[in-house]
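What follows is the residue order along each chain.
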Amino acid sequence: MTEQSGQGQTLDNLLTESRTFPPSDEFARQANAKAELYEQADADREAFWAEQAGKLSWETSWDQVLDWTNPPFAKWFIGGKLNVAYNCVDRHVEAGNGDRVAIHWEGEPGDGRTITYAELQREVSKAANALLSLGLAAGDRVAIYMPMLPEAIFSMLACARLGLTHSVVFGGFSAEALRSRIDDAQAKLVITADGQYRRGKPAPLKAAVDEAVEKTPSVEHVLVVRRTESEVEWSDGRDLWWHDVVDGQSDEHTPEAFDAEHPLFILYTSGTTGKPKGILHTSGGYLTQTAYTHRNVFDVKPESDVYWCTADIGWVTGHSYIVYGPLANGVTEVVYEGTPNTPHEGRHWEIVQKYGVTVYYTAPTLIRTFMKWGADIPAKFDLSSLRVLGSVGEPINPEAWIWYRETIGAGKIPVVDTWWQTETGAIMISPLPGVTAAKPGSAQRALPGISAKIVDEKGDEVAKGGGGYLVLDQPWPSMLRGIWGDEERYKETYWSRFAEQGYYFAGDGAKYDADGDMWLLGRVDDVMNVSGHRISTTEVESALVSHPTVAEAAVVGATDPTTGQGIVAFVILRGGVAEDEAKGEKAIKALRDHVAKEIGPIAKPRQIMVVPELPKTRSGKIMRRLLRDVAENREIGDVTTLADSSVMDLISEGMKGSS
Ligand code: ATP
Ligand code: MG
């Protein structure tokens, strides 16, 4: 089956979750977004987006908000010109906020750096002047292969400032993954570091660049930030130290405005469902929607909030909600270099306490990891500064949502579950924290200005209570403008499934509840078919996670001679649960029965395996396709975006010993 082709019928709708959590009156009163925002957007979508775009600073205003005469190729804010970096940096300084902290950077070994907006302006200007001195010009591509260092952000903004298109590649990816991305973009420059700190130790980074650029003739220079002071190979003429090239530059640079549709970056998807796609984003619409969603979904107040998004900049969440959205809004944010359990499992909570973090945005995988480590760890820290919690990346299981709100959010602050994709550029479906009565596990409804629907295989909207395919039926400002260098794949992947209706097919399954709120049910490709029932992996996983012994679960459908597919579950136990006890036959039976009780006997897993880890992408998503390969005894597919490839060996080993 192709990556997002979908299958025959709509989903069976099984799990029910009916708890709701409205915002407190106090929160609702002070919220940036009120309920009227929906009405305002519905009354005139284009006028609404024009108003949002107007909150940015444009050198030349647009003549037309949207051109959708040549779908699926959209243009937004036609004729408008702006400089993205000016909007994220200089204009805050010009508004008198140069002394405000932009970034509290926290290094993994405990070092740190506080960067004000005025300093950010100087650093970005120096970096921009350095890139100019290397002969780069608007339209050129730059690959950024960096750990979470301030220089990574300076580099992205310097590119944006000069109209260079950046392609950020995860610092954890292999030389081969880097090579193919450099090659795809024909990048002229690679920005990297000598090494990076991971789990308390310096790890090499530049070596992978050396290997990659041997086979990428487009690369003229490699610019290297010194971080770990490790020994590196050096190619004279090609390799340049950041401190040699950037530090001596003038800290003034006058930005030039670029067209609203000027390419801002290329970024590859996580590779959860197949070979990663190089997604292209442009400037005006992208910045409009990232700033708008950041302001309203996280309710940020630039004067008082300390915002922290824990993503890596190599992931779209890092682009939109560490770099462009927050900085466009002029907020103070925390950027953390390292791993969450270095030097101890309370590191995140220690950072929240240290900087007084008010808004915290992370992924379900990490929340479930925190559950596994135990609630006593966050309990040791003062988390009372927090006022909004966010989740992104995968469906959040209701139990993990409740744990997050109770344990991290003191049982009273809003949790926003934000659905979006690399392709959408910014958040699309999410509660508004001061408006929505939140439901654990549901992203609920499209944001004001955005339109999403759940349809059946014919493209007709399903009724309340029904399940099917998630589609976006209206263009949106931060939508992808294509797959880099592959127009056909763009049309085929996203627009062919519902070509007749002209809908964007997201590749995700979803259902409406009785109120018409949306619940994301995982990838359409992951949907299982058991004796003719179409069952979502998410629902079975959520049922497993609702058992007190289970921290994480991944479920796949494996070929079964009697039922078509049988459900195979892989589970990780919560901290404090004794392995022998929970692995025993009785415990496994109890888990299977628990699923049957939660969602029905049809969803009872055929087999449950207790595993130490699950295969995840570097962005923290479970790669079910690899588990399906294991469960069906196939050769394991593309693992290039896997965080830790030894995980698959562990699981395969365990699999041999069971069943
Ligand atoms: P690839 O497209 O290469 O297979 P990927 O889809 O994992 O990788 P991303 O763009 O990083 O790459 O992830 C987007 C996907 O993540 C969505 O399509 C959806 O499946 C999932 N997702 C993100 N946020 C949520 C959420 N809040 N609830 C449910 N699913 C989510
Ligand atoms: Mg995807």
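What you are looking at is a predicted structure, and each value in this text was computed from that prediction instead of being measured.

Enquirer: Run through the UniProt feature "binding site: ATP" (unreviewed entry) in the protein chain, naming residues and quoting values.
Expert: Per the UniProt annotation, the sites labelled "binding site: ATP" (unreviewed entry) are Gly393, Glu394, Pro395, Asp417, Thr418, Trp419, Trp420, Gln421, Thr422, Asp508, Arg523 and Arg534. A maximum C-alpha distance of 26.9 Å among these annotated residues, which run over 142 residues, shows that they spread across the structure rather than meeting at one spot. Restricting the annotated residues just mentioned to those that line the largest cavity leaves Gly393, Glu394, Pro395, Asp417, Thr418, Trp419, Trp420, Gln421, Thr422, Asp508 and Arg523. Here glutamate 394 is to be found in the loop between strand E19 (388-392) and helix H14 (398-408). Not counting the four nearest positions on each side in its chain, glutamate 394 is found in contact with Pro364, Thr365, Arg368, Gly620, Lys621, Ile622 and Arg624. There is a polar contact of 3.0 Å between the side chain of glutamate 394 and the side chain of arginine 368. Secondary-structure assignment places tryptophan 419 in the loop between strand E20 (415-418) and strand E21 (452-455). When neighbours within four sequence positions are excluded, tryptophan 419 is seen to be in contact with Thr424, Ile427, Met428, Ile429, Ala443, Leu470, Leu472, Ala506, Asp508 and Leu520.

Enquirer: Before we move on, can you summarise the sheet that holds strand E25 (residues 518-523) with the specific residues and values?
Expert: In spatial order, the strands read E21-E22-E24-E25; together these 4 strands make up an open sheet with antiparallel pairing. Each edge of the sheet is formed by a strand with only one pairing partner; in this case those strands are E21 and E25. Between one strand axis and the next, the sheet turns by 45° as a mean value, whatever way the strands run. The pairing of strand E22 (residues 467-472) with strand E24 (residues 504-512) spans 5 bridges and is antiparallel. When the sheet's bridge partners are listed, glycine 467 is paired in E24 with lysine 511.

Enquirer: Describe in detail the layout of surface pockets, supporting the description with residues and values.
Expert: By volume, the largest pocket is sized at about 1200 Å³. Forming the boundary of the largest pocket are 44 residues, of which Arg198, Arg199, Thr339, Pro340 and Arg618 lie nearest the centre. Sorting the residues of the lining of the largest pocket by element identifies strand E9 (195-198), strand E16 (306-309), helix H11 (316-328), strand E17 (332-336), strand E18 (359-362) and helix H13 (364-373) as the ones contributing at least two each. The element contributing the most residues to the lining of the largest pocket is H13, with 5 residues. Residues that form the lining of the largest pocket fall into these classes: 21 nonpolar, 14 polar and 9 charged. Residue-level mapping places the lining of the largest pocket at the junction of two domains, with at least three residues from each of domain 1 (9-74 + 281-454 + 466-510) and domain 2 (531-655).

Enquirer: A description of the domain arrangement of the protein chain should follow, citing residues and the corresponding values.
Expert: One can read the domain layout of the protein chain as domain 1 (9-74 + 281-454 + 466-510) and domain 2 (531-655). If you look at the interface, domain 1 gives 22 residues, while domain 2 gives 28 residues. In this assembly, domain 1 packs against domain 2 so that about 2200 Å² is buried in total across both faces, 52% of it on carbon and sulfur atoms. At the boundary of domain 1 and domain 2, one finds 4 salt bridges. In this structure, the salt-bridge partner of arginine 368 is glutamate 552, at a minimum N-O distance of 2.8 Å. Where domain 1 meets domain 2, there are 6 residue pairs in polar contact (both at pLDDT 80 or more). Contributing elements (two or more residues each) for the side of domain 1 that touches domain 2: H13 and H14. Top contributing element to the side of domain 1 that touches domain 2 by residue count: H13, with 5 residues. When grouped by side-chain class, the residues that make up the side of domain 1 that touches domain 2 number 9 nonpolar, 7 polar and 6 charged.

Enquirer: Residues and numbers for the site of ligand 1, please.
Expert: Inspection of the region around ligand 1 gives 22 residues, with Thr269, Gly271, Thr272, Thr273 and Thr422 positioned closest. In the model, an oxygen atom of ligand 1 is placed 2.8 Å from a nitrogen or oxygen of the serine 270 side chain. For ligand 1, an oxygen atom lies 2.8 Å from a polar atom in the side chain of glutamine 421. When the free accessible area of ligand 1 is taken as 630 Å², the share hidden by the protein chains comes to 98%. At the level of elements, E20 and E25 are the ones that each hand at least two residues to the shell around ligand 1.

Enquirer: Any details on the state of the cysteines? Residues and values, ideally.
Expert: In the structure shown here, the tally under the stated rule is 0 disulfides. Unpaired in terms of disulfides, cysteine 159 finds its nearest cysteine sulfur in cysteine 88, a separation of 13 Å.

So, how was this worked out
- Residues numbered from 1 in each chain as written.
- Chains lettered and ligands numbered in written order.
- Predicted model: local features only at pLDDT ≥ 70, side-chain atom pairs only at ≥ 80, totals over all residues.
- Heavy atoms only, no water.
- UniProt positions renumbered as here; feature names shortened; annotations may be inferred.
- 1 Å grid on protein atoms, 1.4 Å probe; cavity = no way out; pocket = protein on both sides within 12 Å on 5 of 7 lines; lining within 4 Å.
- Helix = DSSP H or I, 4+ residues; strand = E, 2+ residues; numbered from the N terminus.
- Contact = heavy atoms within 4.5 Å.
- Polar contact = N/O pair within 3.5 Å; in protein donor to acceptor, adjacent residues only side chain to side chain.
- Pairing = 2+ DSSP bridges.
- Axes fitted to C-alpha atoms, helices over the stretch in contact; angles between N-to-C directions.
- Points joined across faces, edges and corners; volume = space filled by probe spheres on them.
- Nonpolar A, V, L, I, M, F, W, Y, C, P; charged D, E, K, R; others polar.
- Domains from an automatic or database assignment.
- Buried area = accessible area lost by both parts, 1.4 Å probe.
- Salt bridge = Lys/Arg side-chain N within 4 Å of Asp/Glu carboxyl O.
- Near = heavy atom within 4 Å.
- Areas by Shrake-Rupley, 256 points an atom, 1.4 Å probe, with all protein chains shown as cover.
- Disulfide = S-S within 2.5 Å.

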